[in-house]
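Spelled out from the first residue to the last, the chains are:
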Amino acid sequence: MQPKPSIFFIIPSLHGGGSERVITHLIRNLNPDLFNITLVLAKKECVFLSAIPEQVPIIVLNSSQTRYIPVKLVRLIWQHKPDIVF
């Protein structure tokens, strides 16, 4: 049996809005038996956090300055090597 593909969903926050709601729906409706799903947030401002299933790991890139987030994000992707980055 092949390993499950891993998917990183990257979004600045789940503060509330259309794109945050779409990401939440996607994560909730993907089959966790078929995919390893990880949510990556730049900041932990989360209106929709309770809608994320408990088995989905959440990585918060907390950075003192926004300009350092891309560096942290690239480092995270290199470390985990997800199959899909959304």
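None of the values given here were measured: they were computed from a predicted structure. (Residues numbered from 1 in each chain as written. Predicted model: local features only at pLDDT ≥ 70, side-chain atom pairs only at ≥ 80, totals over all residues. Heavy atoms only, no water.)

Draft legend 1. Fine view of the overall build of the protein. In terms of helices and strands, the protein carries two helices and four strands. Mapped from its N terminus to its C terminus, the protein presents α and β elements in the order β-α-β-β-α-β. Rg of the C-alpha trace for the protein: 13 Å, near the compact-globule value of 12 Å for 86 residues, within the 12% margin. Considering only C-alpha atoms, the protein reaches an extent of 45 × 30 × 20 Å along its principal axes. For the protein, the accessible area works out to roughly 5,800 Å², and carbon and sulfur atoms hold 57% of it. Within the protein, the 5 negative side-chain charges are centred at a point lying 10 Å from the centre of the 9 positive side-chain charges. (Helix = DSSP H or I, 4+ residues; strand = E, 2+ residues; numbered from the N terminus. Rg over C-alpha atoms; globule rule 2.2 N^0.38 Å. Areas by Shrake-Rupley, 256 points an atom, 1.4 Å probe, with all protein chains shown as cover. Lys, Arg positive; Asp, Glu negative; His and termini not counted. Charge placed at Lys NZ, Arg CZ, Asp CG, Glu CD.)

Draft legend 2. Structural detail: the packing of aromatic side chains. Under the definition given, this model contains one aromatic pair. Judged by centre distance (5.3 Å) and plane angle (65 degrees), the ring pair of F9 and F86 falls under edge-to-face. Taken as a pair, F9 in strand β1 (residues 6–11) and F86 in the segment after β4 (84–85) lie far apart in primary sequence, 77 residues in all. (Phe/Tyr/Trp six-rings, centres within 6.5 Å; stacked < 30°, edge-to-face > 60°.)

Draft legend 3. Quick look at the pairing of β1. With respect to burial, β1 is a largely interior element, five of its six residues being buried. Relative to strand β2 (residues 36–41), β1 runs parallel, the two sharing six bridges. Within β2, the residue paired with F8 across the bridge is T38. Remark: the β1/helix α1 (residues 18–29)/β2 crossover connection has right-handed handedness. Here β1 pairs with β4 via two bridges, running parallel. Bridging from a neighbouring strand, F8 pairs with V85 of β4. (Buried < 20%, exposed > 50% of the residue type's maximum accessible area, 1.4 Å probe, protein only. Pairing = 2+ DSSP bridges. Right-handed = clockwise from strand over helix to strand, strands pointing away.)

Draft legend 4. Structural detail: the sheet that holds β4. Strand order in the open sheet made by the four strands is β3-β2-β1-β4, with parallel pairing throughout. Looking at the sheet topology across the chains shown, the edges are occupied by β3 (58–60) and β4. Sitting on the sheet, α1 touches β1 and β2, and the angle it makes with β1 is about 165 degrees. Strands β1, β2, β3 and β4 of the sheet are contacted by helix α2 (residues 69–80), whose axis makes an angle of about 170 degrees with β1. (Contact = heavy atoms within 4.5 Å. Axes fitted to C-alpha atoms, helices over the stretch in contact; angles between N-to-C directions.)

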